[in-house]
Amino acid sequence: QKEVEQDPGPLSVPEGAIVSLNCTYSNSAFQYFMWYRQYSRKGPELLMYTYSSGNKEDGRFTAQVDKSSKYISLFIRDSQPSDSATYLCAITSGGSYIPTFGRGTSLIVHP
Amino acid sequence: SQTIHQWPATLVQPVGSPLSLECTVEGTSNPNLYWYRQAAGRGLQLLFYSVGIGQISSEVPQNLSASRPQDRQFILSSKKLLLSDSGFYLCAWNPLAAQQETQYFGPGTRLLVL
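Read on for an overview of the structure. Keep in mind it's a predicted model, so treat the numbers as computed, not measured.

About the criteria used
Residues numbered from 1 in each chain as written. Chains lettered and ligands numbered in written order. Predicted model: local features only at pLDDT ≥ 70, side-chain atom pairs only at ≥ 80, totals over all residues. Heavy atoms only, no water. Helix = DSSP H or I, 4+ residues; strand = E, 2+ residues; numbered from the N terminus. Rg over C-alpha atoms; globule rule 2.2 N^0.38 Å. Buried < 20%, exposed > 50% of the residue type's maximum accessible area, 1.4 Å probe, protein only. Areas by Shrake-Rupley, 256 points an atom, 1.4 Å probe, with all protein chains shown as cover. Pairing = 2+ DSSP bridges. 1 Å grid on protein atoms, 1.4 Å probe; cavity = no way out; pocket = protein on both sides within 12 Å on 5 of 7 lines; lining within 4 Å. Points joined across faces, edges and corners; volume = space filled by probe spheres on them. Nonpolar A, V, L, I, M, F, W, Y, C, P; charged D, E, K, R; others polar.

1. With respect to the overall build of chain A
Consideration 1: Across its full length, chain A carries zero helices and 11 strands.
Consideration 2: Beginning at the N terminus, the succession of helices and strands in chain A can be written as β-β-β-β-β-β-β-β-β-β-β.
Consideration 3: For chain A, whose C-alpha radius of gyration is 13 Å, the value lies close to the compact-globule estimate of 13 Å for 111 residues.
Consideration 4: For chain A, the residues scored as buried account for 41% of the 111 residues in total.
Consideration 5: Carbon and sulfur atoms make up 48% of the accessible area of chain A, which totals about 5400 Å².

Here it is, written out as structure tokens:
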């Protein structure tokens, strides 16, 4: 079992939909949780990070962490075609500074 | 503000030729630096990381090497490229001083070995 599992998709949704992107992990030592957005042929861009269970909101994006279930989610409200990209989760244990990345979920938002 | 640069942006090289990719970070001191490779349809593979000048840790044995001659400069090299070295190479940095686990990526170098 990989340490971080992420469905590669693609996930295709209509514009305006609420998108849910998810990762599961197996290592209970993981403490820091990040989401990156990567457009085609570009480097990943940090969207959000958190280190606690619960929700963290930033505009249309909400990151959710459930440590008891080892499950993290990224929600995108009112999705736009410009949100079409690959979304990667990344998780680290405290002090390692070397994240374990999911393989990414490809999201397509069609007009 | 901090910025990270990588060059070249795109590179086409014949098998057996040498390689040198450069990464520099501006606006910070003593960052952790990382080299990743991202093959088509695959995840990020950590190749090397560095916590300081001259300090390099290798994650994957292969024909690549890395060097950090200056605090904010990280170089990825090869003496003889293989077809399997083709991919998207990403440099990243981490603000160690801020004690954050987050990494920030450069724009990447797309390498095609023919």
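2. Let's talk about the sheet that holds strand β3 (residues 19–25) of chain A
Strand pairing in a sheet is mediated by backbone hydrogen bonds. Such pairs are either parallel or antiparallel.
Residues and elements named next belong to chain A.
Consideration 1: Read across the open sheet, the five strands follow the order β1-β3-β8-β7-β6; overall the sheet is antiparallel. In this open sheet, the two strands that pair with only one neighbour each are β1 (4–5) and β6 (54–58).
Consideration 2: Of the strand pairs in this sheet, β6 and strand β7 (residues 61–66) are connected by five bridges, and their pairing is antiparallel. The residue bridging K56 from the neighbouring strand is A63, located in β7.

3. As for the layout of surface pockets
Consideration 1: There is about 430 Å³ of room inside the largest pocket.
Consideration 2: Taken together, 18 residues make up the lining of the largest pocket; nearest its centre are Q38, A39, A40, G41 and R42 of chain B.
Consideration 3: Contributions of two or more residues to the lining of the largest pocket are made by β9 (85–93) of chain A together with β9 (87–94) of chain B.
Consideration 4: Of the residues assigned to the lining of the largest pocket, the class counts are six nonpolar, eight polar and four charged.
Consideration 5: For the second largest pocket, the calculated volume is near 340 Å³.
Consideration 6: Residue lining of the second largest pocket: 14 residues in total, with R103 of chain A together with R42, G43, L44 and Q45 of chain B positioned closest to the centre.
Consideration 7: Contributions of two or more residues to the lining of the second largest pocket are made by β10 (100–101) of chain A together with β5 (44–52) of chain B.

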